[in-house]
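# Structural characterization, general
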Amino acid sequence: MTPDTETMRNHWWWRPGWSVGRRFYTWHLTFDGQDDVHRLAAEYRSALAPLGDLVTLIPDRWLHLTMQGIGFVGEAKEADVQEIVRAARERLAAIPAFDVQIGPAVVDPEAILLRAHPDGPVRQIRDAIRSAIGDVLGEVPERAEGFTPHVSVAYSADDGPPEPVAQALAGLDLKAARARISSAELIVLHRDHQMYEWESFVTVPLG
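In what follows, the accompanying structure is described. What you see is a predicted model; the values in this text were computed from it and never measured.

## Some words on the overall build of the chain
Secondary structure assignment for the chain yields four helices and nine strands. Beginning at the N terminus, the succession of helices and strands in the chain can be written as β-α-β-β-α-β-β-α-β-α-β-β-β. The C-alpha radius of gyration computed for the chain amounts to 17 Å, which stays within 12% of the reference 17 Å derived for 207 residues, consistent with globular compactness. Taking the principal axes of its C-alpha atoms as reference, the chain extends roughly 50 × 35 × 30 Å. Total accessible area computed for the chain in this model is approximately 10,000 Å², and 48% of it derives from carbon and sulfur atoms.

Structure, rendered in structure tokens:
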């Protein structure tokens, strides 16, 4: 495998605004009960496990496709969050459920990720959520541009060359996973333990 980057960096640096104990409202696609996604993630975890502390392997419970943030708990008004949910329900009801293919792996500077194909329907969900946020807040946090739908199976936990990761994945010929996307989930996220963990705030079904 040829990595898409010349260097890896530790994903777990503290980004602006983040610290232990902070919680964040954000929309994700999650994969509870998606056995084929779990199968593929387990195969990649097995291949990457010999790298030890160089990578953080993501268990099935915390696999996700990042969509769109709202803001930190305590800064975003919960009444606004509830209104965003209401607006998102209306918009997401117009988008039918669909299947998406996940994989194969790509080595990114901070992660080993599985891109989603086709990405058009995933982008449609994100656009609907962004419109719902705009309906309520007027401005939408985070840029619309630069969004690449993907599911990370591991994060880089150190700075260094990508070759160890590329070598661990070399020669793998894994069958891409198929996921059924039938809802979007608003979650309350934290990263206190060098892992993205969350509690569900609400699950909104697609039409």
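## Some remarks on the sheet that holds strand 1 (residues 24-30)
Ordered by their spatial adjacency, four strands build an open sheet running 3-1-8-9, and the pairing between neighbours is antiparallel. Looking at strand neighbours, the two that pair on one side only are strand 3 (64-72) and strand 9 (197-205), the edges of this open sheet. Between one strand axis and the next, the sheet turns by 25° as a mean value, whatever way the strands run. Examined bridge by bridge, strand 1 and strand 8 (residues 183-190) share five bridges and lie antiparallel to one another. Paired with Phe24 across the two strands is Leu189, which belongs to strand 8. Contacts from helix 2 (residues 78-92) reach strand 1, strand 3, strand 8 and strand 9 within the one sheet, and its direction differs from that of strand 9 by about 45°. Relative to the sheet, helix 3 (residues 120-137) contacts strand 1, strand 3 and strand 8, its axis offset from that of strand 3 by approximately 10°.

Scoring rules and cut-offs
- Residues numbered from 1 in each chain as written.
- Predicted model: local features only at pLDDT ≥ 70, side-chain atom pairs only at ≥ 80, totals over all residues.
- Heavy atoms only, no water.
- Helix = DSSP H or I, 4+ residues; strand = E, 2+ residues; numbered from the N terminus.
- Rg over C-alpha atoms; globule rule 2.2 N^0.38 Å.
- Areas by Shrake-Rupley, 256 points an atom, 1.4 Å probe, with all protein chains shown as cover.
- Pairing = 2+ DSSP bridges.
- Axes fitted to C-alpha atoms, helices over the stretch in contact; angles between N-to-C directions.
- Contact = heavy atoms within 4.5 Å.

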